[in-house]
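What follows is each chain in one-letter form.
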Amino acid sequence: MSNIAIIFKREINAYFTTPIAYIFIIIFLIMVAAFTFFLGGFLLRNQADLLSFFQFHPWLYIILIPALTMRLWSEEIQTGTIELLLTLPINIMAAIIAKFLAAWALIAIALGLTFPIWITVNYLGEPDNGVIIASYIGSLLMAGGFLAIGSFISATTKNQVIAFIVSTSLCFLFTASGSPMIISFFSPWAADGILNFIINISLLGNFQNIIKGVIDMGDIIYFLSLIMLFLFATKLVIDAKKDA
Amino acid sequence: MIEIKHLTKKFGAFTAVDDLSFNVKKGEVLGFLGPNGAGKSTSMKMIAGALTPTFGNIHICGIDITKNPIAVKKKIGYLPEGAPAWGDMSVVEFLKFIANIHGLFGKLQTIAIDKTIELTQLSQVLQQPIDILSKGFKRRVGLAQTLLHDPEILIMDEPTDGLDPNQKHDIRQLITNMASEKSIIISTHILEEVEAICSRAIIIANGKILADGTPDQLQRMAADHNGLHIHLTNNNSDSDINNITKSLLTLKYVDDVIKMSENHIMIRPENRQNISTIISKHMSDNSFNFDQIYLEKGRLDSVFRDITTINTSDDKGLIK
């Protein structure tokens, strides 16, 4: 068994021996249902698709994922177990990846448990199931991006409250960077190149492409590079801890 | 086994560890002594690989820690300060996890875990979450983690901190029993621990080595080393005691005679030499009445205090 698998197993067990996993999954399901039916008007729209279900995922993730990641490293720093991780014969990147994957698996489980809505929409009409599968993958990728951001922020502080607030803000910025609110702030003075960059790094823009059924390699590469970038940043932060 | 050369750690402008060099051979138990903030934990963290040195080299079993950290970490059992562990895990889950990380699976794992549980006496709490354990048990879980893979090198930051006297005794016994097979560094505030288990002690303050020797050698540095205590019988009056003191002071080699209490005096010899035969002869020749006479070995804590306060008195406030 590789070290990643060993640590992954430990992390998953930690989620399920504490109430974290159950609370997270239940709250996620309740909120996703509330958004879909009341805000999204799933039934009123009378459309055989899950757009009203998926379109709220980014906003849900902004709150729920930092809540999941705030303890990821902060807790290890606070309790001193980070010293164990640093002195056991493992590459710290293995621990970073394992912790990330365990949190990602938890979100995958929560997302998987939304299957009744998929069944419902198939019962009521004839949706494009290809788009729905793509949207699930897109949602999971976006969650991965948020998780990686949360992992990075959590490694910078031993205070979980700070980790939560900063991660939420950063996730919000990444999500909304293509929105009119942010664009109107930059457009009067920023160069076109910068403006385009800001629009392109938006999680929301890339996610909306996917849920509309336009899944292209660019969007997938975008999310995967976001994940790798922030996991690598997590490593840099932890390495810096060994120096100071 | 452990070779440390010019080990230095700076945090910004503050030098926590200042040019430390020493070796620890197989079979040695090195006690790291020093006031709080002396640099003990920082040094141990660097040797265990949790901190990167600013300067200097660390070789463990001939391997450079910066060149092959994973290989070095396999050889070390490290007990961090406060013995941290994941509180959500049960003791047995935690030990299995640590065993897996060290590449111990199946039968080898069972043997290693059983042996460690026996050594650290954890069998009654195996299924309990670490979070709810008492301080003594938590410390033993930490020790179990350090010992599990039977490492050649043990680095333990205050291994008996927070334990009751019986538990302290058990842990010391455990360390002593393993000593011949390993190289061990422990840090401690408790000086009796040094006498009990260390074959060598280093006193550090402000990141510098101030003394390095066997506990015996360190004791000999005590001002009271070979001081001679005499308990006089109760029938001696105050003037008798004064006379005795005066006559003792006339003797060669006697530096000073200190009155400790009513009938108790201590003779401080010149150059800390042993003058017990001369004194006892003098006492009986002059028919001075006394109950007992015994030699002071010198107390490590007074050596510790002398060394660390002299060398830190001009300091900017770390110790004060």
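See the structure above.
Just so we're clear, the structure is a prediction, and the values are computed from it rather than from any experiment. Residues take numbers from 1 onward in each chain, read along the sequence in its written order. All chains are assigned letters beginning with A, and all ligands numbers beginning with 1, in the order in which they are written. Side-chain atom pairs in this predicted model are given and counted only at pLDDT of 80 or more, local residue features only at pLDDT of at least 70, and totals for whole chains, interfaces and linings cover all residues. Note that the side-chain values use all heavy atoms of the structure and ignore hydrogens as well as water.

J.: Looking at this model, I keep getting lost on the interface of chain B and chain A. Mind explaining?
T.: Put simply, an interface is often sized by how much accessible area is lost when its parts join up. Taken together, the contact pairs 26 residues of chain B with 25 residues of chain A. Of the roughly 2,300 Å² buried where chain B meets chain A, counting both sides, 66% is carbon and sulfur surface. Salt bridges are defined by distance alone: a side-chain nitrogen of Lys or Arg within 4 Å of a carboxyl oxygen of Asp or Glu. Connecting chain B to chain A are 2 salt bridges. Where Glu 83 of chain A meets Lys 45 of chain B, a salt bridge forms, and the shortest distance between an N and an O atom there is 3.6 Å. What qualifies as a polar contact is a pair of N or O atoms within 3.5 Å, subject to a donor-acceptor requirement within protein and to the restriction that residues adjacent in sequence count only when both atoms come from side chains. Our count for the contact surface shared by chain B and chain A stands at 7 residue pairs in polar contact (both at pLDDT 80 or more). A run of H or I in DSSP becomes a helix once it reaches four residues, and a run of E becomes a strand once it reaches two; helices and strands are each numbered from the N terminus. Looking at the side of chain B that touches chain A, the elements that each hand over two or more residues are β1 (2-11), α1 (40-48), α2 (69-75) and α3 (91-101) of chain B. For the side of chain B that touches chain A, the element with the most residues is α3 of chain B, which contributes 5 residues. When checking whether two residues touch, look at their non-hydrogen atoms; a contact exists if any pair is within 4.5 Å. The term buried area refers to how much accessible surface (probe radius 1.4 Å) is lost by two components on association, counted for both of them together.

J.: Sorry, what's going on with the pattern of salt bridges here?
T.: Two side chains bearing opposite charge may form a pair once their charged atoms approach each other closely. Residues and elements named next belong to chain B. Throughout the structure, instances matching the rule amount to 18 salt bridges over all chains. The residue Asp 224 makes a salt bridge to Arg 268 at a minimum N-O spacing of 2.7 Å. Here Arg 268 lies in strand β13 (residues 264-269) and Asp 224 lies in the loop between α8 (215-219) and β11 (228-232), a separation of 44 residues in the sequence. On the basis of relative accessibility, which here comes to 27%, the residue Arg 268 falls in the partly exposed class. Per-residue accessibility, obtained with a 1.4 Å probe over protein chains only, is compared with the maximum for each type, and a residue is labelled buried under 20%, exposed over 50%, and partly exposed between these values.

J.: Could you clarify how one ought to interpret the sheet that holds β13 of chain B in this entry?
T.: Within a sheet, adjacent strands bond to each other through the backbone by hydrogen bonds, running parallel or antiparallel. Residues and elements named next belong to chain B. Pairing within the open sheet is antiparallel, and its 4 strands lie in the order β12-β13-β11-β14. The strands lining the two open edges of the sheet, one partner per strand, are β12 (254-261) and β14 (290-295). Strand-to-strand twist across the sheet, computed as the mean angle between neighbouring axes with direction ignored, equals 20 degrees. Any two strands are treated as partners once DSSP identifies two or more bridges connecting them. Sheet topology note: the β11/β14 ladder contains 5 bridges and is antiparallel. If you follow Ile 230 over to β14, its bridge partner there is Ile 293. Throughout, an axis means a line fitted to C-alpha atoms (over the contacting stretch in the case of helices), and angles, computed between N-to-C directions, take values from 0 to 180 degrees. Taken strand by strand, helix α9 (residues 238-249) contacts β11, β12 and β13, and its axis lies near 160 degrees from that of β12.

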